[in-house]
Amino acid sequence: MKKYFLLIATAAMMASCGGGKKSAENNAATSIKIDGSSTVYPLSEAVAEEFRTEQPNVNVTVGESGTGGGFKKFSRGETDISDASRPITAEEMEACKTAGINFIELPVAYDGLAVVVSKQNTFIDHITVAELKKLWEPAAQGTVKTWDQIRSSWPKEPINLYGPGTASGTFDYFTEAICGKKGASRGDYTASEDDNVLVQGVANDKGGLAYFGLSYFESNSDKLKLVPVDGGNGPIAPSQETVSNGTYAPLSRPMFIYVNTKAVERKEVQGFVKFYIENAEKLSKDVGSVPLQSNEYKMVLSRFAAKTTGTIFTEGKTSVGMSMADLLNKQEGK
Amino acid sequence: MFKDSLFKYFAIFCTSIGLIVLALLLFDIFSKGLTRIDWDFITNLPSRRPERAGILTALFGMMWIVTLTILIACPIGIAAAVYLEEYSSKNRFAKFIEINISNLAGVPSIIYGILGLEVFVRLLKLGNSVLAGSLTLSLLVLPVIIVATREAIKSVPNSLREASIGLGATPWQTIQRIVLPACFGSILTGIILAISRAVGETAPLIVVGALVYVPFVPQTPMDQFTVLPIQIFNWTSRPQHGFVVNAAAGIIILLLFVFLLNSIAIILRNRHNKRVKY
C-alpha cells in the first residue's frame, strides 16, 4: 500500500512540475491559437488543416467557444485570432482597448440563413420580409396561429415554428434583420441549439417553418423546401451566387476573423492569415459556407497588408443589408 | 398474493425500461457508426472531410485527462476520507465538512468549469492545458471518491482495528496495513464511478478552454488538448451527413474506452476481494 501511495504521489508531482514552463515557451513560437464562433469553425478548421501541408511545424489549434466567448479570450490576449459571425461590439472593443490589444478585422466568407418549409408544404412559394416579421415578432406570440393570418391566400392551417435557441448567433442575426431588434422574437416556437434537430422537426411537419444556416439546407435538400425571401426587390432564393453577390438580403451575414496586431509580428501568424485569405474562397465552398467575391478577397488581402486596424462597422450599427465591397471601399476612402 | 405478483411485474417493467432504452441507443449508434470504425479513424487527425477525419488527438487528450485526474484526485480523496472516518472526532466541524462534501457532489459541472477557469487557468497561469483540465475534473470527482471511500472504510469491522491496536500497532499502521487493504475493493468501486464521470464530462472542459481542432497529441501536461466528447459534440452539430456517422463511430469508441476502464477496475476488485476475508 505504501509503495502505491509513493508511486502515485511522485507521479502526480512529476506531472504537475515536469517541464511545464519550458515547453509552453517553445510552443509559443510555433503555435497559433484560434477561438470563437462555431459558425466560422468549419472554415478555420479547413484552413488549419490545409496549412499543415504547407508548414507542418506550426501547430494551429481551433476552439469554438462562440463569438462572444472568443472575444473575451481575445481581449485578454489568450488567443491570436478570434473567429466571429458578427462584427465586434463597442463593449468588446473597449475591453481590447483597455488591455492594449489592437486588431485587424478581416471578412472571410458569408453565412446565408435559409428559411425552409417541409417538402409536403405546397402553399408557400415565397415570403416577404414583412410577412416574416409578422410571423416572428414578439407580438405574434399566442396571437398568430394559422397561416391565413400571414397571407389571406394561405390555408387556415396551424403554424409550427422551429428556430435556434436564444444563445445562438444565428438567432441574434435573424431577429435583428427581420424584427429590427436583436433578440426580439416570439418565444412559442420549438428551439434547439442543434440545427440537425430543427431539420428533422420541420421536414416532417406540413405546417412547419424554420430558419437556420444555408449549409444545413444544402445537406438536406431532399427533405426540405427552400423559401425565397422578398426583401423589396422580388423573391430571391439563397444560393452560393445570391448570397455572395449580396442580392439575397437581408438574411446573409459576413463571417470574420480578428487578428491581434501583436501576433502579426510573428512570421507564422502572418503566413497563416495570408494563407487563410488566399484559400478561403475554395475552402468555404468545401465546408458549406459562401465565399466573398474574388475582388473582395483582394481588398481584404490589401487591408491585411496595410495592417488597417479597427472595425469597418460604425459603432452600434451592424452589417444588415450592405455589400462587403461597399464597406471595404468606405474604409479605404477614409 | 395478487398484489405481490403485481409488484413483481411492475419491478420487472421498471428494470426493462432502462434496458430497452440502452438497447435502442446502442442499436442506433452501432447501426450508424460501426462500419466507419477502422484503423485510420483512430489514427487520423481531425479534418473537414468526414471520411478522412479521425480521433487520434481527441482520444489521446482524453487518456491524458483521465490519467492525470485519477492521479490527482485519488490520493486526495482517499486521504480526506481516511481523515473523516478514522481521525476526526465527531464534532460540529466534522459535520460541517460532511454536509459540504455531499453538497459538492450535487453542484452542476459547469460551475466547476468556471472555478477551474479562474483558479487554474488564470490565477495559477496554467493556461488551457491538460493539467488545468485535469485539476478541474479532479475537483469534480473528489466528492464521489470521498463518499465511496468513507462507505468502504465504514464497512471494515471494528474488531479488526481493535485487534491491530491491541497488538501494539499505531493508528497509522492500522489504517495502512489493515483498514485500507481490507476495503480496497470498495474504494475501487468509487474510483470506477469517478472515472466514468470524468470521461463523459464536456461542459467544464469547454469552459476551461479545451479546443476542438488540435492537430497534435499532447506531449506534456502543459499542452493544449481536446477530448472525445467535445469532438463528438462538434460532429453532431455539423450539416454534412458524414459527420453524424463519425459522431456515432466516436461514441462507440468512447463506450469501448469506458467499458475497458471499468472492466480493468472490476477485475482488480474481484481479485482483491478474493484475497481479503473477514
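The structure contained in this document is the topic of the report that follows. (Residues numbered from 1 in each chain as written. Chains lettered and ligands numbered in written order. Predicted model: local features only at pLDDT ≥ 70, side-chain atom pairs only at ≥ 80, totals over all residues. Heavy atoms only, no water.)

Once that is clear, we can look at the side chain of A:Ser244. Residues and elements named next belong to chain A. By the element assignment, Ser-244 lies in helix H10 (residues 240-244). At a separation of 2.8 Å, a polar atom in the side chain of Ser-244 contacts the side chain of Gln-293. Leave out the neighbours within four places in its chain, and Ser-244 touches Tyr-110, Val-290, Pro-291, Leu-292 and Gln-293. (Helix = DSSP H or I, 4+ residues; strand = E, 2+ residues; numbered from the N terminus. Polar contact = N/O pair within 3.5 Å; in protein donor to acceptor, adjacent residues only side chain to side chain. Contact = heavy atoms within 4.5 Å.)

Residues and elements named next belong to chain B. According to the stated counting rule, one finds 1 cavity of 30 Å³ or more in the structure shown. Considering only enclosed or pocket space, the largest cavity measures out at about 30 Å³ in volume. As for the largest cavity, its lining consists of Leu-84, Ser-88, Lys-90, Ala-94, Glu-98 and Arg-150. By residue class, the composition of the lining of the largest cavity is 2 nonpolar, 1 polar and 3 charged. (1 Å grid on protein atoms, 1.4 Å probe; cavity = no way out; pocket = protein on both sides within 12 Å on 5 of 7 lines; lining within 4 Å. Points joined across faces, edges and corners; volume = space filled by probe spheres on them. Nonpolar A, V, L, I, M, F, W, Y, C, P; charged D, E, K, R; others polar.)

All right, on to helix H8 (residues 171-200) of chain B then. Compared with an ideal rise of 1.5 Å per residue, which puts 30 residues at 44 Å, H8(B) spans 38 Å between its outermost C-alpha atoms and falls more than 12% short. Of all the bends in H8(B), the greatest, near 60 degrees, is centred on B:Phe184. (Expected span 1.5 Å × (residues − 1). Bend = angle between axes of the 7 residues up to and from the residue.)

Inspection of the entire model under this criterion finds 24 salt bridges over all chains. In this structure, A:Asp80 and A:Arg266 form a salt bridge, with 3.3 Å as the shortest nitrogen-oxygen distance. Taken together, the residues A:Asp80 in the loop between helix H4 (66-75) and strand S3 (81-84) and A:Arg266 in the loop between helix H11 (261-264) and helix H12 (267-287) connect sequence positions 186 residues apart. Among the residues examined, A:Asp80 registers a relative accessible area of 11% and is labelled buried. Accessibility expressed as a relative area gives 26% for A:Arg266, which makes it partly exposed. In this structure, A:Glu268 and A:Arg266 form a salt bridge, with 3.2 Å as the shortest nitrogen-oxygen distance. Linked by salt bridges that have partners in common, A:Glu49, A:Glu50, A:Asp286, B:Arg48 and B:Arg52 make up one network. (Salt bridge = Lys/Arg side-chain N within 4 Å of Asp/Glu carboxyl O. Buried < 20%, exposed > 50% of the residue type's maximum accessible area, 1.4 Å probe, protein only.)

Right, let's talk about the pairing of strand S6 (residues 160-163) of chain A for a bit. Regular strands have side chains that alternate between both faces of the sheet. Residues and elements named next belong to chain A. Relative to strand S8 (residues 208-213), S6 is paired through 3 bridges, and the arrangement is parallel. Bridged to Asn-160 within S8 is Gly-208. Relative to strand S7 (residues 190-191), S6 runs parallel, the two sharing 2 bridges. The residue bridging Gly-163 from the neighbouring strand is Ala-191, located in S7. With helix H7 (residues 169-179) bridging S6 and the parallel S7, this β-α-β connection has right-handed handedness. (Pairing = 2+ DSSP bridges. Right-handed = clockwise from strand over helix to strand, strands pointing away.)

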